[in-house]
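Residues per chain are reported as follows:
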There are 2 protein chains.
Amino acid sequence: MRYVTSYPRPVSSPTSRPTGLTERRKAATQLDIARAAAELFAERGPDATTAEEIARRAGVALRTFYRYFRSKQDAVGPLLAGGGDRWRALLAEAGAATDGPALDLGAVLADAVRESLTPADATAGEALEVTRGMLRAAHEDAALRAVWYRVNQESEERLVPVLAGLAGDGADPLDVRLAAAAATDAIRIAVETWAASDAPAEGPGSPADLAEDTLRQLTGGLRLLGA
Amino acid sequence: MRYVTSYPRPVSSPTSRPTGLTERRKAATQLDIARAAAELFAERGPDATTAEEIARRAGVALRTFYRYFRSKQDAVGPLLAGGGDRWRALLAEAGAATDGPALDLGAVLADAVRESLTPADATAGEALEVTRGMLRAAHEDAALRAVWYRVNQESEERLVPVLAGLAGDGADPLDVRLAAAAATDAIRIAVETWAASDAPAEGPGSPADLAEDTLRQLTGGLRLLGA
DNA sequence: TGCACTGATGGCAATCTGTGCCATCTGGGC
DNA sequence: GCCCAGATGGCACAGATTGCCATCAGTGCA
C-alpha cells in the first residue's frame, strides 16, 4: 500500500461515449461490479461482504476488481453518482444552448435539478429506489455512509467548473464554490429526506418536489445568483 | 472484519467532563494517538504511515490503537472535529443564556462562528494549523479526505438538535436541517479556502473572516432565519 | 484498608484488503 | 494474418482489522 503509482479511473464522469468493443466491455464490467456490490451490500451489509465475493458475483478476478475500484466501498459509487452525473450533464447542456452571460443561472439550476430528479423512465425510477435502499442501509453502516459522503463531495467538486463556465469569467471563485455546495446540499437533503419517507419517486414528497424548496432556500442568498 | 460487534466510541462529542482518573487517561490516550497520527501523516503522508508506527509513537499497543479508532485515518478525527465541537458548545450556551424564542438565530449563529474560528490562544491557533496540514495532505489521500467528509457530516448531524432547540418547537424539521447544512458548509468552505491559501489564522483571509461571508450567503435564503 | 469487580491494555492468531509483478489473451490497426 | 497495446488472471506479500484470552489497574464497597 506504500506508494500509489496509478489509480483506477474515476467512478463516474462520463466525458466521452464508449466507441469500440473494448470500451463498451469495460463500461459493462464496471456496471456489473457495481450491481454485484450493491446487491451484496443490501443483502448483508458492506462489512459482511468481501471484495472477493463481489468480484466472484460480477464474474471477474479479484485483481480485476481492484483495477476498476480502489476499494470495496467504492464499487457502489457509480450507482450513487449516476444521478449527479446526469444533473451536471444537463447543466452543461443548458449552458451550451444559452451560450452567453445573459442566462438566469438560478432558473437554469432549478430546471436541471427538477429534470434530473424526475425519473424519465423505469430505469431512472429504479436508480432512485436503489439509492433509497443504499441510504437506508447506510443508516446502519458507517462504511456505506462514507461512500455517500464521498459521492456527494465529489459531485460538488465536479460541479464547480461547470458552474464557473455558466457564470462566466468574472465570477468570484469563492462564490462559485458556495453555489456548488448549496446546490449539492439541496439535492442531497431532498434525496435523503425522500429516502427516509415512503413517498413515491414522483408527486408530493418526491425528490424533485422537495428539491424545489431546498434549492430555493439554500441558494436564495447567493451572490452568484444575484442575491 | 466480518461482523462488527462493538465500535470504538465516537471521535468527539464531549457530552460530559472526564471525572475519574480512568476517564482522564483515556481522553489523554486518544489525544496522544491523534497527535501521533497527525505528525506522521504530515511527515510522510497517510499511505506511507502504518498503524503500527502510530501506535508505537503514541506509546500504546497496536491492538489498543484499534480500540480507540476504527481505522488508521480515523485517528486524526478528534483533531479535525475539535473546532466543530467547540462551535456547537458555544451555540448551545448562547441558547441557554437567551432562553426564549425571541433570539435572533442568524446573529447567534454568526457570533458563534466568529468566536469559534478566531483562535483564542496559542493552542487554538495550532489546532487550526494542524487542520490546514491535514487538509493539504488530504489533497493526495482519498482516505484522509473521507475522514474530513465524515467529520463534517457528523458535525452537521449533531448540529440539528442544537438548532432545533434554539429555533423552538414550531420549527419545520426540514428547515432546521437546511440551516444545519448551510452553517456547516459555510464553515467547511471557509476553512478549506483558508487552508489552501497562505493566509494567517487571523485577519483578512482568516477562517473567521471568510466565514462571515460564506455564512451570510448560505443562510441568506433560509426560512428558519426569517428569509 | 483490603477485596472483588469492571474495564483497559497487550499479545497473538487469523482473515481480509490492496498492490506489484509477470504470463496470457484479445480487440484493433496495418 | 501479424504485431502491439491494453485488459485480465494468478500469485505473493505487506499491512489493516478484529476475535480471543491473559493480565493489570482503578473504583466501589464492606
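Being a predicted model, the structure only gives us computed values, none of them experimental.

Each value, and the rule that gives it
- Per chain, the residues get numbers from 1 upward, laid out in the order the sequence is written.
- Labels are handed out in written order, letters beginning with A for the chains and numbers beginning with 1 for the ligands.
- At least 70 in pLDDT is required for a residue's local features to be given in this predicted model, at least 80 for side-chain atom pairs to be given and counted, and no such filter applies to totals for whole chains, interfaces and linings, which use all residues.
- Only heavy atoms go into the side-chain values, all of them from the structure, while hydrogens and water stay out.
- To qualify as a helix, a DSSP run of H or I must reach at least 4 residues; to qualify as a strand, a run of E must reach at least 2; elements of each kind are numbered from the N terminus.
- Categorising residues by exposure relies on relative accessible area from a 1.4 Å probe, with only protein chains included: less than 20% of the type maximum marks a residue as buried, more than 50% marks it as exposed, and the intermediate range marks it as partly exposed.
- Any pair of residues with heavy atoms lying within 4.5 Å of one another is described as a contacting pair.
- Under the convention used here, a 1.4 Å probe and the Shrake-Rupley method define accessible areas, while residue burial counts only the protein chains that appear.
- Delimitation of the domains relies on an automatic or database domain assignment.
- Computed with a 1.4 Å rolling probe, the buried area is the accessible surface lost when two parts are put together, summed over both parts.
- For this document, the term salt bridge refers to a Lys or Arg side-chain nitrogen within 4 Å of an Asp or Glu carboxyl oxygen.
- Distance and chemistry together define a polar contact, namely a pair of N or O atoms within 3.5 Å, with one atom able to donate a hydrogen and the other to accept it when in protein, and with adjacent residues in sequence counting only for side-chain atoms on both sides.
- In this count, Pro and Cys sit with the nonpolar residues alongside Ala, Val, Leu, Ile, Met, Phe, Trp and Tyr, while Asp, Glu, Lys and Arg are called charged and the others, Gly among them, polar.
- UniProt positions are given in the numbering used here, feature names are shortened, and annotations may be inferred rather than shown by experiment.
- For a helix, the expected span equals 1.5 Å multiplied by the number of residues minus one.
- The term nonpolar core refers to a set of buried residues drawn from Ala, Val, Leu, Ile, Met, Phe, Trp, Tyr and Cys, joined through side-chain atoms within 4.5 Å.
- As a rule, the C-alpha atoms of each element are fitted with a line to give its axis, helices using only the stretch in contact, and angles between N-to-C directions run from 0 to 180 degrees.
- Angle categories: roughly parallel below 35 degrees, roughly antiparallel above 145, roughly perpendicular from 65 to 115, and oblique for all the rest.

Student: What exactly am I supposed to notice about the overall build of chain A here?
Tutor: Across its full length, chain A carries nine helices and zero strands. When the helices and strands of chain A are read in sequence order from the N terminus, they spell out α-α-α-α-α-α-α-α-α. Classification of the 227 residues of chain A by burial places 49% in the buried group. Intrachain contacts of chain A at a sequence separation of at least 6 include 66% that bridge at least 24 residues. With an accessible surface of roughly 10,900 Å², chain A has 53% of that area assigned to carbon and sulfur atoms.

Student: Just to check I follow, could you spell out the domain arrangement of chain A for this structure?
Tutor: One widely used convention gives an interface's size as the accessible area the parts lose upon coming together. Residue and element names in this part refer to chain A. In terms of domain boundaries, chain A breaks down into domain 1 (21-72) and domain 2 (75-225). The distance between the C-alpha centroids of domain 1 and domain 2 comes to 26 Å. The partner domain 2 presents seven residues to the 15 residues of domain 1 that form the contact. Of the roughly 820 Å² buried where domain 1 meets domain 2, counting both sides, 79% is carbon and sulfur surface. The interface formed by domain 1 and domain 2 includes zero salt bridges. Put simply, domain 1 and domain 2 have one residue pair in polar contact (both at pLDDT 80 or more) between them. In terms of residue count, helix H1 (residues 21-44) provides more of the side of domain 1 that touches domain 2 than any other element does, nine residues in total. Class assignment of the residues belonging to the side of domain 1 that touches domain 2 gives a composition of 10 nonpolar, two polar and three charged.

Student: Explain the UniProt feature "DNA-binding region" (unreviewed entry) in chain A to me, please; I cannot follow it from the model alone.
Tutor: As recorded in UniProt, the sites labelled "DNA-binding region" (unreviewed entry) are residues 50-69 of chain A. Helix makes up 75% of residues 50-69 of chain A and strand 0%. Its end C-alpha atoms lie 14 Å apart.

Student: Is there a simple way to explain the pattern of salt bridges in this structure?
Tutor: If the charged atoms of two oppositely charged side chains come close together, the side chains can form a pair. Under the definition given, this model contains 36 salt bridges over all chains. One salt bridge in this structure joins Asp 85 of chain A and Arg 88 of chain A, with 3.0 Å as the shortest N-O distance. One end of the pair, Asp 85 of chain A, and the other, Arg 88 of chain A, are both in helix H4 (residues 77-97), three residues apart, so they sit about a helical turn from each other. By relative accessible area, Asp 85 of chain A is classed as buried at 10%. Accessibility expressed as a relative area gives 9% for Arg 88 of chain A, which makes it buried. Between Arg 223 of chain A and Asp 175 of chain A there is a salt bridge, with its nearest N and O atoms 3.0 Å apart. One end of the pair, Arg 223 of chain A, is in the segment after helix H9 (207-219); the other, Asp 175 of chain A, is in helix H8 (residues 173-196), and 48 residues separate them in sequence. On the accessibility criterion, Asp 175 of chain A (6% relative accessible area) is buried. Connected through salt bridges with shared partners, the residues Glu 156 and Arg 177 of chain A together with Asp 185, Arg 188 and Glu 192 of chain B form a single ionic network.

Student: What's the story with helix H6 (residues 122-138) of chain A in this structure? I'm lost.
Tutor: A turn of α-helix holds 3.6 residues, and therefore any two residues three or four places apart point the same way. Residue and element names in this part refer to chain A. Counted at 1.5 Å a residue, the expected span for H6 with its 17 residues is 24 Å, and the 24 Å between its end C-alpha atoms agrees. If you check which residues of H6 are buried, you get Ala 124, Gly 125, Leu 128, Thr 131, Arg 132, Met 134, Leu 135 and Ala 138. Where H6 is buried, its residues meet H1, H4, helix H5 (105-117), helix H7 (142-167), H8 and H9. With a side-chain oxygen positioned 3.2 Å from the backbone nitrogen of Thr 123, the residue opening H6 is Asp 121.

Student: For this particular structure, what's the right way to read the UniProt feature "domain: HTH tetR-type" (unreviewed entry) in chain A?
Tutor: According to UniProt, the "domain: HTH tetR-type" (unreviewed entry) feature falls on residues 27-87 of chain A. Between the end C-alpha atoms of residues 27-87 of chain A the distance is 20 Å, and the span holds 72% helix and 0% strand.

Student: When you look at the nonpolar core in this model, what are you seeing that I'm missing?
Tutor: Leu 91 of chain A together with Leu 91 of chain B are the most contacted members of the largest nonpolar core, which totals 132 residues. In contact with Leu 91 of chain A, not counting residues within four places along its chain, are Val 108, Leu 109, Ala 112, Leu 159, Val 162, Leu 163 and Leu 166 of chain A.

Student: How should I be thinking about the packing of helix H4 (residues 77-97) of chain B against helix H7 (residues 142-167) of chain B in this particular structure?
Tutor: Each packed pair of helices is defined by two parameters, the angle between the axes and the distance between the axes. Residue and element names in this part refer to chain B. Orientation of H4 relative to H7, taken along the N-to-C sense of each, is 10°, at an axis distance of 10 Å. Relative to H7, the element H4 is oriented roughly parallel. From H4, Gly 77, Leu 80, Ala 81, Gly 84, Asp 85, Trp 87, Arg 88, Leu 91, Ala 92 and Gly 95 reach across to H7, where they touch Val 147, Trp 148, Arg 150, Val 151, Ser 155, Arg 158, Leu 159, Val 162, Leu 163 and Leu 166. Grouping the amino acids of the contact of H4 with H7 by side-chain chemistry returns 12 nonpolar, four polar and four charged.

Student: What is the right way to read the interface of chain B and chain A from this model?
Tutor: On the side of chain A, 36 residues touch chain B, which itself brings 39 residues to the contact. Summing both partners gives a buried area of about 3,300 Å² for chain B against chain A, and 51% of it is carried by carbon and sulfur. Linking chain B with chain A are six salt bridges. When the shortest N-O distance is used, the salt bridge between Arg 223 of chain B and Asp 213 of chain A registers 2.6 Å. Counting every contact that joins chain B to chain A gives 14 residue pairs in polar contact (both at pLDDT 80 or more). When contributions to the side of chain B that touches chain A are tallied by element, the ones reaching two or more residues are H7, helix H8 (173-196) and helix H9 (207-219) of chain B. When the residues that make up the side of chain B that touches chain A are grouped by side-chain class, the tally is 16 nonpolar, seven polar and 16 charged.

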